[in-house]
Amino acid sequence: MPVNQSSRMSPPRIALESGVEGERCLRLSGHWTLDSIDTAHRPSLGGDAGVGGKGDGTIRVDGAIEALDSAGALALARLIDDLEQGGARVDLAALPAGQRNLVELVKARLPPPQTPRPPREGILARIGRATVAKFTEGNAFLAFVGELVVRGGRLLAFPWRIRWREVVAEIEAAGLRALGIVGLLSFLVGMVMAYQAGATLADFGANILIVNLVAIITLREMGPLLTAIIVAGRTGSSYTAQLGTMRITEEIDALRSIGISPFDMLILPKIIALIVVLPLLTVFANLLGLLGGAVIAAYRFEVSFSVYFDRLPEVVDLTTLMLGLVKMPVFAVAIALIGCMQGMRVAGSALAVGRATTVSVVQATFLVIVLDAGFSVLFNLMGY
């Protein structure tokens, strides 16, 4: 009767011996092959031999391994990995070169240890974390406002120290280059308001009241609000991207190193420029919005241009215009501060610039709408 070859193979054996001066030796013997290693036992081979405990120092691997294949090398590599994670240093120099190379090759391709997943946060924990984050954002914004008051007030007392060349450049970038998109969107919104109002008023024969609706809403709300939102998305995001990129490339640190304040050179000119530009853009948006309403009123609801523009002074006055314009410096400061604050807080890689830009647009738009609602309540209490 033939003898099964696997029965003649001795199983893999491990013995941990302690030598002089605390040296330890891990002696291996037997056949470290697929046929002699039990599949269920393979991952914990070292633990059952009593060598899976924690400990530092050097462990020298020695012995006479009769046969070694990739399965045995994998079991041995896992054992060595467990020992190294426990703080030990494993020395394979005593193994034959072929066996040592195979074990090192397999060990280099072991998957990294999986870290346990953190417990999932509950709804209250997520709400608390979000609340703390919002308070942190608010605190950072107030700190930025305080820095603007301190540094800006100091420079306004000595206006010749303001970098007017940068202010003029920012006026061109935030004002002149924004005329196209602000004018086009205001014109289209004026057309939409006139069309929606006329569709209802025409049923009552009150087409002429289109002028009242378009003029009052445009001058008091839609013109200023639409302009501020466009500037928040266009100019505020560019402030964040510019300053964030300068943070990553360490240009802001370079300015500080040569004694130039980034606030004086980069932030304050942007704020001053936006305070100057935003009311002017609003006037331009109001004109285009009224013109868009006039086009629809003339060609769709039989209110001629002459009648439309003759009625405007009867419907609105300088107070109506000023109620819309008085909000714009506040909107300008809010948009510029949020854009610059998010840019100055960027850290890491280019991905952080994209995230900060998104946060800047969302926060600036949200704050503009909240401020506009606050102004509406205030004007109502004042009787306007």
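Everything below is about the structure printed above this text.
Notes on the structure in this doc start here. (Residues numbered from 1 in each chain as written. Predicted model: local features only at pLDDT ≥ 70, side-chain atom pairs only at ≥ 80, totals over all residues. Heavy atoms only, no water.)

Turning our attention to a nonpolar patch on the surface. Nonpolar side chains collect at one region of the surface, where Ile181, Leu184, Leu185 and Leu188 lie side by side and expose about 320 Å² of accessible area between them. The residue Leu184 is located in helix 6 (residues 179-201) in this model. (Patch = residues over 30% accessible without salt bridge, like charges linked within 9 Å, V, L, I, M, F, W, Y side chains within 5 Å. Areas by Shrake-Rupley, 256 points an atom, 1.4 Å probe, with all protein chains shown as cover. Salt bridge = Lys/Arg side-chain N within 4 Å of Asp/Glu carboxyl O. Helix = DSSP H or I, 4+ residues; strand = E, 2+ residues; numbered from the N terminus.)

Before going further, it helps to spend a moment on the packing of helix 9 (residues 262-300) against helix 12 (residues 328-344). At a minimum axis separation of 8 Å, helix 9 and helix 12 run at an interaxial angle of 145 degrees. Regarding helix 9 and helix 12, the two cross each other, and that crossing is right-handed. Residues Pro262, Ile267, Lys270, Ile271, Leu274, Ile275, Leu278, Pro279 and Thr282 of helix 9 lie in contact with helix 12, whose contacting residues are Met328, Pro329, Phe331, Ala332, Val333, Ile335, Ala336, Leu337, Cys340 and Met344. Class assignment of the residues belonging to the contact of helix 9 with helix 12 gives a composition of 17 nonpolar, one polar and one charged. (Axes fitted to C-alpha atoms, helices over the stretch in contact; angles between N-to-C directions. Left-handed = near helix turned anticlockwise from the far one by under 90°. Contact = heavy atoms within 4.5 Å. Nonpolar A, V, L, I, M, F, W, Y, C, P; charged D, E, K, R; others polar.)

With that settled, consider unusual backbone geometry. Leaving glycine aside, a negative phi is the common case for residues, and trans is the common case for peptide bonds. You will see that Glu250, though not glycine, has its phi angle at about 65 degrees, which is positive. In this fold, Glu250 is placed in the loop between helix 7 (209-248) and helix 8 (251-257). A relative accessible area of 53% means that Glu250 is categorised as exposed. A positive phi is found at Glu302, a non-glycine position, where the angle reads about 60 degrees. (Buried < 20%, exposed > 50% of the residue type's maximum accessible area, 1.4 Å probe, protein only.)

Where empty space is left can be seen by rolling a probe of water-molecule size over the atoms. Under the definition given, this model contains two cavities of 30 Å³ or more. Of the volumes computed, that of the largest cavity is approximately 50 Å³. For the lining of the largest cavity, the secondary structure elements donating two or more residues are helix 6, helix 7 and helix 9. Of the residues assigned to the lining of the largest cavity, the class counts are five nonpolar, five polar and no charged. (1 Å grid on protein atoms, 1.4 Å probe; cavity = no way out; pocket = protein on both sides within 12 Å on 5 of 7 lines; lining within 4 Å. Points joined across faces, edges and corners; volume = space filled by probe spheres on them.)

On their own, these measurements won't tell you what the molecule is for.
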